Amino acid sequence: MSALKEAAEYIAATPRVVLGTVTEQGVPALRTLGGFATDGLHVYLSTAKTSGKVEQIKGNPNATLLFQQEGQELKAFRNVTLTGTLSKVCSKCGEEYQHAIALLSARSPRFKERAEKGELGETVIFKFVPDKVKLLDFAKGAGPAAVEEVSVQEAV
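Residues numbered from 1 in each chain as written. Predicted model: local features only at pLDDT ≥ 70, side-chain atom pairs only at ≥ 80, totals over all residues. Heavy atoms only, no water.

**Examining the pairing of strand 1 (residues 17-22)**
With 6 bridges connecting them, strand 1 and strand 2 (residues 28-33) associate as antiparallel partners. Note on strand 2: the bridge partner recorded for Val18 is Thr32. Connecting the antiparallel pair strand 1 and strand 2 is a turn made up of 5 residues, with Gly26 showing a positive phi of about 85°. The pairing of strand 1 with strand 5 (residues 62-67) spans 4 bridges and is classified as antiparallel. Bridging across to strand 5, Val18 finds its partner in Leu66. (Pairing = 2+ DSSP bridges. Helix = DSSP H or I, 4+ residues; strand = E, 2+ residues; numbered from the N terminus.)

What follows is the structure, encoded as structure tokens:
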């Protein structure tokens, strides 16, 4: 299985993601999110328009996403880190926006209910497009042997 396919399958099966952004002061900011959905290696995130991350993303769209499943034994520990950029998916973007709504609704019954009731006015959706994928898998060894990094542009 290719590294990109393995990464896509892993992130689709992970219930939460850690989002890393940069504050206006240049300080890293991390937060755990449950409001996301995947489409291959593209990730859609939903959040309140008033959240701090919205301004951080507006000021610097570069971000990192860490997908790590709970309860793993160290000898088989795995995670996936994506680095790339976030862009806002506007409601006037038509097909892209509807695609994001469908993916987020399929993942979250609460989001689906809000979408069906027209209650997404205070919600913003971002699309994350990775440029680099890093897979960590201790089953493959320790140190550098456990890490595989792939540039998404080179793999396409």
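Having seen the model, we can carry on.
**Side note on the environment of Arg110**
The residue Arg110 is located in helix 4 (residues 109-116) in this model. The exposure class of Arg110 is partly exposed, given its relative accessible area of 47%. Along the sequence, Arg110 and Ala100 sit 10 residues apart, while their C-alpha atoms lie 15 Å from each other. (Buried < 20%, exposed > 50% of the residue type's maximum accessible area, 1.4 Å probe, protein only.)

**Notes on the packing of aromatic side chains**
Inspection of the entire model under this criterion finds 2 aromatic pairs. Relative to Phe67, the ring of Phe36 has its centre 5.7 Å away and its plane inclined at 65°; by these criteria the two rings are edge-to-face. Here Phe67 lies in strand 5 and Phe36 lies in strand 3 (residues 36-39), a separation of 31 residues in the sequence. Exposure class is identical for Phe36 and Phe67. Each is buried. Taken together, a centroid distance of 5.7 Å and an interplanar angle of 40° make the contact between Phe77 and Phe138 tilted. Highlighted residues: Phe77 in the loop between strand 5 and strand 6 (78-89) and Phe138 in the loop between strand 7 (123-137) and strand 8 (147-151), separated in sequence by 61 residues. Note on Phe77: relative accessible area 18%, which makes it buried. Against the face of Phe36 rests Arg107, its NZ or CZ located 3.9 Å from the ring centre. (Phe/Tyr/Trp six-rings, centres within 6.5 Å; stacked < 30°, edge-to-face > 60°. Lys NZ or Arg CZ within 6 Å of the ring centre and 35° of its normal.)

**A closer look at the side chain of Ser105**
Structurally, the position occupied by Ser105 is in helix 3 (residues 95-107). Its relative accessible area of 13% is what places Ser105 among the buried residues. With residues near it in sequence (within four places) discarded, Ser105 still touches Phe111, Lys112 and Ala115. (Contact = heavy atoms within 4.5 Å.)

**As for the confidence of the model for the chain**
Per-residue confidence for the chain gives a mean pLDDT of 91; residues scoring 70 or more make up 97%. Per-element confidence in the chain is highest for strand 5, whose mean pLDDT is 97, and lowest for helix 5 (residues 152-155), whose mean pLDDT is 66. (pLDDT = per-residue confidence, 0-100.)

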